Amino acid sequence: MEHDLSIVKQAIAGNKESFEQLLILEEEKLFYTALSYVGQKEDALDAIQEAACKAYLTVHQLKHPEFFSTWLFRILIHECYRLLKKGQKIMPYEESELLNRLQEQESIMAYPIDLSDAIQHLNHSQQMAIILFYYHDLPIKDIAEVMEKPVSTIKTYLHRGKKQLKRELERSETFNEKAI
């Protein structure tokens, strides 16, 4: 999302209201990004709160105001990973763990897996690349900057992630057809 650079510059200069205004503009995207990583509303809100605090405390260090949104989402994603690791919620689920979850929850058997569930089964790098590319419409070059990886690596993550998503969704469809 393009922000008015004057608002970003005011936030960098320490203007609390400008910083809050920027967070409000990103509020919905922040929530859905965090939710796609951590999977639960409460954890998503915790990750956003921590990311907002960290961003507020370090916004004065942002050298390129035009990258505010990218910088903020990078902080959020790192906070999501920290939260997942802290809670020992290892994502993506190993295949055997996923099968155990499906067997334990009969309700899941009645409904096909949705895309957000399938994304959570990707490895962290693929997950991050897919979310930044498709949910945030970031160009591959910007994703490479956020993830600190070469463009070619990001293309590989996207390619492999899409293949894995396709397999997950097809597996879910087959599973649900057999359950009916």
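Nothing here was measured: the structure is a model prediction, and the numbers come from that model.

Time to look at the packing of aromatic side chains. This structure, assessed with the given rule, holds 4 aromatic pairs. For the pair Phe68 and Trp71, a centre-to-centre distance of 5.7 Å together with 45° between the ring planes defines the contact as tilted. On the criterion of helical spacing, the pair formed by Phe68 and Trp71 is a turn pair, its members being 3 residues apart in helix H4 (residues 68–86). Considered together, Phe68 and Trp71 belong to a single accessibility category, that of buried residues. Aromatic ring contacts, followed pair by pair, group Phe19, Tyr56, Phe68 and Trp71 into a single cluster.

Glancing now at the pattern of salt bridges. Enumeration over the complete set of coordinates arrives at 3 salt bridges. For Glu148, the salt bridge identified is with Arg74, shortest N-O distance 3.0 Å. On the criterion of sequence distance, the pair formed by Glu148 in the loop between helix H9 (140–147) and helix H10 (151–179) and Arg74 in helix H4 is long-range, its members being 74 residues apart. Since its relative accessible area comes to 62%, Glu148 is described here as exposed. Each member of the salt-bridge network shares a partner with another, and the members are Lys54, Glu79 and Arg82.

This part covers the nonpolar core. Within the largest apolar cluster, 48 residues are counted, with the highest numbers of intra-cluster contacts made by Tyr37, Phe68, Trp71, Leu76, Leu132 and Met147. Residue assignment for this core shows that the elements contributing at least two residues are helix H1 (5–12), helix H2 (16–38), helix H3 (41–58), H4, helix H7 (115–120), helix H8 (124–135), H9 and H10. If one sorts the elements of this core by residue count, H4 sits on top with 11 residues. With residues near it in sequence (within four places) discarded, Met147 still touches Arg74, Ser125, Met128, Ala129, Leu132, Ile154 and Tyr157.

To continue, consider a nonpolar patch on the surface. On the surface, Leu115, Tyr134, Tyr135 and Leu169 cluster together to form a nonpolar patch covering roughly 360 Å² of accessible area. By the element assignment, Tyr134 lies in helix H8. By relative accessible area, which is 40% here, Tyr134 ends up partly exposed.

Those residues of H9 lying buried are Asp142, Ile143, Ala144, Val146 and Met147. Where H9 terminates, the next one or two residues include Glu148, which has phi positive at roughly 55°.

Attention now goes to the side chain of Glu79. With respect to the element layout, Glu79 can be found in helix H4. For Glu79, a relative accessible area of 2% gives the class buried. Once you skip the residues sitting within four places of it in the chain, Glu79 turns out to touch Ala47, Glu50, Ala51 and Lys54.

Calculation rules
Residues numbered from 1 in each chain as written. Predicted model: local features only at pLDDT ≥ 70, side-chain atom pairs only at ≥ 80, totals over all residues. Heavy atoms only, no water. Phe/Tyr/Trp six-rings, centres within 6.5 Å; stacked < 30°, edge-to-face > 60°. Helix = DSSP H or I, 4+ residues; strand = E, 2+ residues; numbered from the N terminus. Buried < 20%, exposed > 50% of the residue type's maximum accessible area, 1.4 Å probe, protein only. Salt bridge = Lys/Arg side-chain N within 4 Å of Asp/Glu carboxyl O. Core = buried A, V, L, I, M, F, W, Y, C linked by side-chain atoms within 4.5 Å. Contact = heavy atoms within 4.5 Å. Patch = residues over 30% accessible without salt bridge, like charges linked within 9 Å, V, L, I, M, F, W, Y side chains within 5 Å. Areas by Shrake-Rupley, 256 points an atom, 1.4 Å probe, with all protein chains shown as cover.

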